[in-house]
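# Understanding the architecture of this molecule
Read off the chains here:
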Amino acid sequence: MATKWTGGDKLRRKLRAMPAQVAIAASRALVQNATELVGKMKNAAPYDDGDLFDSIQWQFTNAGAGGETASSVKGAEGLSVTVSAGGGLAWYATWVEYGTPPHINGGKFAGTQHPGTVKQPFFWPIYRLNKRRIRSRLSRAQNKAIKEVAARG
């Protein structure tokens with residue numbers, strides 16, 4: 001007994017349309033996540049002259065590219081957003097995040113004792129607090145796009 005398959009063309013059209021729709025949805029979710037994350041990091045960052053505050057930013061990149069302190073969230077096929085802090089005038093971002101131990105100075109003030117600095121984490125704690133929300137929002141956006149494509153006639 002032979003089985004007849006109907007609607008194969010319709011299914012193939014839907015499957016071809018999904019990657020583009022999913023990429024668009026993932027892109028929107030990544031932008032929303034990155035914007036929200038940067039805002040929260042800027043609120044948590046210590047503010048002195050504004051260089052560190054201004055260095056916290058996001059951009060579409062290949063995963064792994066970024067400033068001194070960077071976090072990447074990968075989306076659909078190579079689409080990723082990197083949130084970074086540091087670089088340029090805020091080259092000290094890592095020292096603010098992790099602090100410095102007491103040490104003997106070199107250079108102009110050689111031989112003097114530096115007391116070290118207290119850590120003021122503003123980057124990784126905010127990322128870790130929001131990681132689950134970021135992943136959930138991305139998954140929901142992708143699933144919604146897939147369901148919308150599948151529901152079309």
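Since the structure is predicted, the reported quantities are computational estimates derived from the model, not experimental observations. The written sequence of each chain sets the order in which its residues are numbered from 1. At least 70 in pLDDT is required for a residue's local features to be given in this predicted model, at least 80 for side-chain atom pairs to be given and counted, and no such filter applies to totals for whole chains, interfaces and linings, which use all residues. As a rule here, side-chain values come from all non-hydrogen atoms in the structure, and water together with hydrogens is ignored.

## Some words on the overall build of the chain
Numbering goes from the N terminus for both helices and strands, where a helix is a DSSP run of H or I of at least four residues and a strand is a run of E of at least two. Of regular secondary structure, the chain possesses four helices and five strands. Secondary structure of the chain in N-to-C order comes out as α-α-β-β-β-α-β-β-α. The contact criterion used is simple: two residues touch if any of their non-hydrogen atoms lie within 4.5 Å. Contacts in the chain between residues at least 24 apart in sequence constitute 59% of all its contacts with a sequence separation of at least 6. Each accessible area value is a Shrake-Rupley result obtained with a 1.4 Å probe; residue values ignore everything except the protein chains displayed when judging cover. Accessible surface, the chain: about 10,000 Å² in total, of which carbon and sulfur atoms supply 56%.

## With respect to the packing of aromatic side chains
Centre distance within 6.5 Å is the pairing criterion for rings of Phe, Tyr and Trp, where only the six-membered ring of Trp is used; planes under 30 degrees apart are then read as stacked, over 60 as edge-to-face, and the remainder as tilted. One pass over the full model with this rule turns up seven aromatic pairs. Between Trp 58 and Phe 60 the ring centres are 5.5 Å apart and the planes differ by 85°, which places this aromatic pair in the edge-to-face class. Look at Phe 123 and Trp 124: their rings are 5.1 Å apart centre to centre, the planes differ by 75°, and that puts the pair in the edge-to-face class. Each residue is assigned to one of three classes by its accessible area relative to the maximum for its type, calculated with a 1.4 Å probe on protein chains only: buried under 20%, partly exposed between the two thresholds, exposed over 50%. Look at Phe 123 and you get buried, because its relative accessible area is 0%. Grouped by ring-pair contacts, the aromatic residues Phe 122, Phe 123, Trp 124 and Tyr 127 constitute a single cluster.

## Concerning the nonpolar core
Nonpolar cores were defined as sets of buried Ala, Val, Leu, Ile, Met, Phe, Trp, Tyr and Cys residues, with membership established by side-chain atoms within 4.5 Å. Grouped together as the largest cluster of nonpolar side chains are 27 residues, with contacts concentrated most on Leu 37, Met 41, Leu 52, Ile 56, Val 83, Phe 122 and Phe 123. Listed by contribution, the elements that provide at least two residues to this core are helix H1 (8–44), strand S3 (80–85), helix H3 (93–98) and helix H4 (124–151).

## Here's the deal with the environment of Gln 59
When you line up the elements, Gln 59 lands in strand S1 (residues 57–61). Taking the relative accessible area as the measure of exposure, Gln 59 reaches 39% and is therefore partly exposed. Distance in space between the C-alpha atoms of Gln 59 and Thr 35 is 9.8 Å, their sequence separation being 24 residues. Ignoring sequence-local partners within four residues, the contact set of Gln 59 consists of Ser 80, Val 81 and Thr 82.

## Quick look at H1
Multiplying 1.5 Å by the residue count of a helix minus one yields the expected span of that helix. For H1, with 37 residues, the first-to-last C-alpha span of 53 Å sits near the 54 Å given by 1.5 Å per residue. Taking the largest bend as the criterion, H1 deviates by roughly 30°, centred on Met 18, and proline Pro 19 comes between one and four positions later. To get the bend at a residue, fit one axis to the 7 residues ending there and another to the 7 starting there, then take the angle between the axes.

## Overview of the environment of Ala 29
By the element assignment, Ala 29 lies in helix H1. Note on Ala 29: relative accessible area 3%, which makes it buried. Distance from Ala 29 to Arg 135, taken between C-alpha atoms, is 9.5 Å for residues 106 residues apart in sequence. Here Ala 29 is in contact with Arg 137, Leu 138 and Ala 141, once residues within four sequence places are set aside.

## Thoughts on the environment of Trp 124
By the secondary structure assignment, Trp 124 is in helix H4. On a C-alpha basis, the gap between Trp 124 and Glu 97 in space is 8.2 Å, while along the polypeptide they are 27 residues apart.

## Focus on H4
Look at H4: 40 Å from first C-alpha to last across 28 residues, which is about the 40 Å you get at 1.5 Å a residue. At Asn 130, H4 shows its maximal bend, which comes to roughly 50°. The complete set of buried residues in H4 reads Ile 126, Tyr 127, Asn 130, Ile 134, Arg 137, Leu 138, Ala 141, Ala 145 and Val 149.

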